[in-house]
Structures are given as structure tokens and as C-alpha cells.
Amino acid sequence: MAMTMTGEIPLEASREVVWTKLNDPEVLKACIPGCEELNVVGENEFEAVAVNKIGPVKAKFKGKVQLTDIDPPNGYKISGQGDGGIAGFAKGGATVSLSDHEGGTMLKYDVEAQIGGKLAQLGQRLINGAAKKMADDFFARFAEAVKAG
């Protein structure tokens, strides 16, 4: 099952500040819903563990995340895949771009993801709703992290 999401969030900080936060593993770990671990394993490469509940299925995903097409302080592509054991798998990527916006920076994202296994059997509407909530939660937390300095 495939899905796409796009959105934009105005942030009250310079592009340089937003860029720094987007590349800080501690900030990302605090912002990713359900993230228990986010460890740097190489240049622009992380291993992550996150626990998420989607409808009746709760899964612990373990996977790798990579940053590519890095263009500081304008954006990058983040991609990854996670294995949730019996619950299934998730893989995908997001293109994140930053541009000047009155009073700060506009962050735009374009996400493409695929899921399989038990999760895919839950139905498109439930999956899309859960994915949108996770994205909204991440960006709300990220906006707070940027505000906090």
C-alpha cells in the first residue's frame, strides 16, 4: 500500500537555524513520534527504533534512515525503511525544502511511503489518518524545538 503527503509549515527562525535543527539527531529523536532510539551510524546515516500504534496494531519498528541530496541550508531527502516484525514493514522518503518566508522560514515536505504486512490490511483511510497524525505531531514538535532555540 502506497501513500503520499505534502505540507508546509512556517517557522519563526532563520533558514540556518532550521537547517541546524533538521540535522541534529537529538532534536529529531525528540520530534519523531514514538522514537526510542536514534543513533548516528555513519555520515548522514542513522539507525532508529520507534514504537507506534496504528489502529489495533502496535509495532516496534527498527530501521535505517539516510540523508541524501543534501543542499545546505535549502533542504535534503530523507529516506528509510523499518521492520515491524509480524506487524509488517514501512519504507519511504521525504523531500524537505526550506525557503525564506516573512519572519522566518517555510519548511515544505513531500512524503512517499509504502507499507506491507498486517499494517496494510488495516485499510487506506486508517493508515492515511495515522500517517497524517504522525507527520502533524512531528512538525508541531519540530516547530516548538525551533522556537526554543
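Here, the structure is the one placed above.
Caption draft 1: Spotlight on the packing of aromatic side chains. Taken as a whole, this structure holds 4 aromatic pairs when the rule is applied. Ring geometry for Phe138 versus Phe142: centroids 6.0 Å apart, planes at 10°, classification stacked. Note that Phe138 and Phe142 are positioned in helix H3 (residues 124-148) at a spacing of 4 residues, about one turn of the helix. One exposure class covers both Phe138 and Phe142, and it is buried. Feature note: the residues Tyr109, Phe138, Phe139 and Phe142 constitute an aromatic cluster, connected by ring pairs.

Caption draft 2: Representation of the sheet that holds strand S7 (residues 104-116) within the structure. Across the sheet, 7 strands lie side by side as S1-S7-S6-S5-S4-S3-S2; this open sheet has antiparallel pairing. Lying at the two open borders of the sheet, with one neighbouring strand each, are strand S1 (2-11) and strand S2 (35-42). Between one strand and the next, the sheet's axes are offset by a mean angle of 20°, whatever the strand orientation. Sheet topology places S1 next to S7; 10 bridges connect them, and they run antiparallel. Paired with Thr4 across the bridge in S7 is Glu112.

Caption draft 3: Broad picture of empty space enclosed by the protein. All told, the structure shown has 1 cavity of 30 Å³ or more when counted by the stated rule. As for the largest cavity, its lining consists of 41 residues, and the residues nearest its centre are Ile32, Pro33, Val65, Val111 and Met134. Where the lining of the largest cavity is concerned, the elements lending two or more residues are S1, strand S3 (45-54), strand S4 (57-71), strand S5 (75-83), strand S6 (89-101), S7 and H3. Class assignment for the residues of the lining of the largest cavity results in 29 nonpolar, 8 polar and 4 charged.

Each value, and the rule that gives it
Residues numbered from 1 in each chain as written. Predicted model: local features only at pLDDT ≥ 70, side-chain atom pairs only at ≥ 80, totals over all residues. Heavy atoms only, no water. Phe/Tyr/Trp six-rings, centres within 6.5 Å; stacked < 30°, edge-to-face > 60°. Helix = DSSP H or I, 4+ residues; strand = E, 2+ residues; numbered from the N terminus. Buried < 20%, exposed > 50% of the residue type's maximum accessible area, 1.4 Å probe, protein only. Pairing = 2+ DSSP bridges. Axes fitted to C-alpha atoms, helices over the stretch in contact; angles between N-to-C directions. 1 Å grid on protein atoms, 1.4 Å probe; cavity = no way out; pocket = protein on both sides within 12 Å on 5 of 7 lines; lining within 4 Å. Points joined across faces, edges and corners; volume = space filled by probe spheres on them. Nonpolar A, V, L, I, M, F, W, Y, C, P; charged D, E, K, R; others polar.

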